[in-house]
Amino acid sequence: MKKIIITLLACMVCMLAMAQSEEIVFTPQWTAQAQFAGYYVAEAKGFYRDAGLNVHIKHPSASNPCINHLKEGKSQLITLHLISAMKHINAGIPLINVLQTSQSNSQMIISHKPLKGVEGLRGKRVGRWKAGYFELGVLINNQYNLQLEWVPFVQNTNLYITGAIDATMAMVYNEYYQLLMAGQHIDKNQTLYFRDLGCNVPEDGLYTTAEYYRTHEKEVKAFAEASRKGWEWAANHPEETIDIVMKVVQANNVKTNRAAQRWMLREILQVMKDEKSEQRTYRLKESSLQHANQILLKNHAIQKAITYKQITKP
């Protein structure tokens, strides 16, 4: 009887703590996968709970992107590519970067035929994501006047394998692996990495609105720190992290497999490292922002430069 009472009291304390903790809805920019492993770990290992937060991770749909969730107040924190965040800020949505996971660019173009530089793409039919994330591809097309014919896709494997497109945009951690596993032999001279074309713009970062940051600074910082702890745990426990990821993808009815998620986690952890220090800093470098500003301004994608203070502080 005593044990039952103790258990009930413990449950009541736990429920009371949850009721008093800050509720936060976090929405990554895409469906469940190892790209967001650190956040899943932070939830599964109780890092958010220990920080006094009641976190719910809700993924978006292709027809309703995460930025809409943030604007409508359905989510308090989201992930975005830096380029996307800057364009939203330019459009009048005040976003604050509170954690920068990606430190380099992972986008590439994969061609059926060998390429002698970017000019080899001139006039080609190139696949790009229907849901977005292809801004740099458009900027490169404009910069080199390649006159590409864009072919939107949700999943590009069949388009590429059947030859319906000449080339495709891909992420090193995702579509590149899918094509390799589909039996495609891809030589080095069939690939162009955006980072080698002067577009090494970091990708994923954690964002909230300036207003939410102003009114919930303590909670936002606690979420960022717990997320960072989750990513560090993931880096040190990759196989256990994949266990957690697979539970999340299964709960979200995402068709994938352990090998694909293991590849993704490895590549994601690599692009999170600073190229010079080889450390994961979790900070947006001012030099990276300025580089992105130069590219966007040159291509008239934004009207004025986004300042470091503007994107990192309210």
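Right above here is the structure, for reference.
Quick caveat, the model's predicted, so the values are computed rather than measured.

Another aspect to go through is the pairing of strand β2 (residues 53-57). In the case of a regular strand, side chains alternate between the two sheet surfaces. Among the five residues in β2, four count as buried, and that is most of the element. The sheet contact formed by strand β1 (residues 22-27) and β2 spans five bridges and is parallel. Paired with Phe26 across the strands is Ile57, a residue of β2.

On to the environment of Asn200. Mapped onto the elements of the fold, Asn200 is located in the loop between β9 (191-193) and β10 (204-209). It is 8.4 Å that separates the C-alpha atoms of Asn200 and Ser106, two residues lying 94 residues apart in sequence. Among residues more than four places away in sequence, those in contact with Asn200 are Ser104, Asn105, Phe194, Arg195, Glu275 and His291. At a separation of 2.8 Å, a polar atom in the side chain of Asn200 contacts the main-chain amide nitrogen of Asn105.

The subject of this paragraph is the sheet that holds strand β7 (residues 149-153). Strand order across the open sheet formed by five strands is β7-β6-β8-β5-β9, with mixed pairing between neighbours. For this open sheet the edge positions go to β7 and β9, each flanked by a neighbour on one side alone. On average, adjacent strands in this sheet sit at an angle of 30 degrees to one another, irrespective of strand direction. Here strand β5 (residues 107-111) pairs with β9 via three bridges, running antiparallel. Each residue of the ladder has a partner; that of Ile110, found in β9, is Thr191.

This paragraph deals with the layout of surface pockets. Approximately 820 Å³ is the volume found for the largest pocket. If you trace the largest pocket, you find 33 residues lining it, with Trp30, Thr31, Gln33, Asn174 and Gln178 closest to the centre. Only α8 (175-181) and α12 (258-271) provide two or more residues apiece to the lining of the largest pocket. Partitioned by chemical class, the residues of the lining of the largest pocket number 17 nonpolar, 13 polar and three charged. In this model, the second largest pocket occupies a volume close to 410 Å³.

What follows deals with helix α6 (residues 135-144). Within the sequence span of α6, burial applies to Glu135, Leu136, Gly137, Leu139, Ile140 and Asn141. Positive backbone phi, at 50 degrees, marks Asn145, one or two positions downstream of α6.

With that out of the way, let us pick up the packing of aromatic side chains. Aromatic ring pairs are defined here through the distance separating the ring centres and the angle between the ring planes. A full pass over the atoms with the stated rule returns nine aromatic pairs. With a centroid separation of 5.5 Å and an interplanar angle of 50 degrees, the aromatic rings of Phe26 and Phe223 are classed as tilted. Taken together, the residues span a long stretch of sequence, with Phe26 in strand β1 and Phe223 in helix α10 (residues 217-236) at a distance of 197 residues. Between the aromatic rings of Trp129 and Phe153, the centroid separation amounts to 6.0 Å while the plane-to-plane angle is 55 degrees, which identifies the pairing as tilted. Remark: Phe153 occurs in strand β7 and Trp129 occurs in strand β6 (residues 125-129); sequence separation between them is 24 residues. Three or more aromatic residues joined by ring pairs form one cluster here, namely Phe26, Tyr39, Tyr48, Phe223 and Trp231. The aromatic ring of Phe134 is capped on one face by Arg128, whose charged end is 4.0 Å from the ring centroid. Geometry around Trp263 places Arg266 over its ring, the cationic atom sitting 4.7 Å from the centre.

Attention now goes to the pairing of β7. Examined bridge by bridge, β6 and β7 share five bridges and lie parallel to one another. By the bridge assignment, Trp129 is partnered in β7 with Phe153. The parallel pair β6 and β7 is bridged by α6, and the resulting crossover is right-handed.

As a further point, take the packing of helix α2 (residues 37-44) against α10. A pair of packed helices is characterised by two quantities: the angle between their axes and the separation of those axes. Where α2 contacts α10, the axes come no closer than 7 Å and their chain directions differ by 105 degrees. The angle between the axes of α2 and α10 places the two elements in the roughly perpendicular class. The segment α2 lies against α10, with Ala37, Gly38, Tyr39, Val41 and Ala42 engaging Phe223, Ala226, Ser227, Gly230, Trp231, Trp233 and Ala234. By residue class, the composition of the contact of α2 with α10 is nine nonpolar, three polar and no charged.

Unfilled space is identified by rolling a water-sized probe across the atoms. Scanning the model with the defined rule gives two cavities of 30 Å³ or more in all. In this structure, the largest cavity spans a volume of roughly 80 Å³. Approximately 50 Å³ is the volume found for the second largest cavity. Every residue lining the second largest cavity is listed: His81, Leu82, Ile83, Asn105, Gln107, Tyr133, Glu135, Leu136, Val201, Pro202 and Glu203. Put simply, the parts of the chain that give the lining of the second largest cavity at least two residues each are α5 (82-90) and α6.

Reading the values: the criteria
- Residues numbered from 1 in each chain as written.
- Predicted model: local features only at pLDDT ≥ 70, side-chain atom pairs only at ≥ 80, totals over all residues.
- Heavy atoms only, no water.
- Buried < 20%, exposed > 50% of the residue type's maximum accessible area, 1.4 Å probe, protein only.
- Helix = DSSP H or I, 4+ residues; strand = E, 2+ residues; numbered from the N terminus.
- Pairing = 2+ DSSP bridges.
- Contact = heavy atoms within 4.5 Å.
- Polar contact = N/O pair within 3.5 Å; in protein donor to acceptor, adjacent residues only side chain to side chain.
- Axes fitted to C-alpha atoms, helices over the stretch in contact; angles between N-to-C directions.
- 1 Å grid on protein atoms, 1.4 Å probe; cavity = no way out; pocket = protein on both sides within 12 Å on 5 of 7 lines; lining within 4 Å.
- Points joined across faces, edges and corners; volume = space filled by probe spheres on them.
- Nonpolar A, V, L, I, M, F, W, Y, C, P; charged D, E, K, R; others polar.
- Phe/Tyr/Trp six-rings, centres within 6.5 Å; stacked < 30°, edge-to-face > 60°.
- Lys NZ or Arg CZ within 6 Å of the ring centre and 35° of its normal.
- Right-handed = clockwise from strand over helix to strand, strands pointing away.
- Parallel < 35°, antiparallel > 145°, perpendicular 65-115°, else oblique.

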